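Observations on the model geometry
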Amino acid sequence: MPTIYKYLGIRIFFYSDDHQPIHVHGVHQNRGSKAEITTKDGKIVEIHIKSMTGLKPLEDNELKNFKKFVETYAEKIVQKWVDHFVYNKRLTCETITRRL
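**Examining the overall build of the chain**
In terms of regular secondary structure, the chain is built from one helix and six strands. Along the chain, helices (α) and strands (β) appear in the sequence β-β-β-β-β-α-β when read from the amino end. Since a compact globule built from 100 residues should have a radius of gyration of about 13 Å, the 13 Å found for the chain is in line with a globular shape. Projecting the C-alpha coordinates of the chain onto the three principal axes gives extents of approximately 35 × 30 × 25 Å. Taking all 100 residues of the chain together, 40% fall into the buried category. Contacts in the chain between residues far apart in sequence, at least 24 positions, make up 53% of those at least 6 positions apart. Accessible surface computed for the chain: about 6300 Å², of which carbon and sulfur atoms make up 45%. Looking at charge distribution, the chain has the averaged site of its 17 positive side-chain charges lying 4 Å from that of its 12 negative ones.

**Looking at the pattern of salt bridges**
If the charged atoms of two oppositely charged side chains come close together, the side chains can form a pair. Counted under the stated rule, the structure contains four salt bridges. Across the pair glutamate 59 and arginine 31 runs a salt bridge, and its minimum N-O distance is 3.2 Å. Here arginine 31 lies in strand S4 (residues 31-40) and glutamate 59 lies in the loop between strand S5 (43-51) and helix H1 (60-85), a separation of 28 residues in the sequence. Close ionic contact of aspartate 83 with lysine 89 constitutes a salt bridge, the shortest N to O distance being 3.9 Å.

Calculation criteria
- Residues numbered from 1 in each chain as written.
- Predicted model: local features only at pLDDT ≥ 70, side-chain atom pairs only at ≥ 80, totals over all residues.
- Heavy atoms only, no water.
- Helix = DSSP H or I, 4+ residues; strand = E, 2+ residues; numbered from the N terminus.
- Rg over C-alpha atoms; globule rule 2.2 N^0.38 Å.
- Buried < 20%, exposed > 50% of the residue type's maximum accessible area, 1.4 Å probe, protein only.
- Contact = heavy atoms within 4.5 Å.
- Areas by Shrake-Rupley, 256 points an atom, 1.4 Å probe, with all protein chains shown as cover.
- Lys, Arg positive; Asp, Glu negative; His and termini not counted.
- Charge placed at Lys NZ, Arg CZ, Asp CG, Glu CD.
- Salt bridge = Lys/Arg side-chain N within 4 Å of Asp/Glu carboxyl O.

Right, dumping it as structure tokens:
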């Protein structure tokens, strides 16, 4: 389960056996949400925030931070998805400490 980012206390990760569509999970204090990233012709066209099975959704402030993070880093998240699931590259976690 590679953690790819930490942002304002939110752990952002993929499950190692994840599935399409491209998505990323965000968890903070036993609450979680996920962001599905839809691409078309290599361009990001939509980002949908959804709840995660088995967890209450992120609280309002964390959800706002998670959404902003995914919107800002969507292209990098997609690249990390491809690196991990297509090319089987090992990912490292990047900690982002400044507010976006």
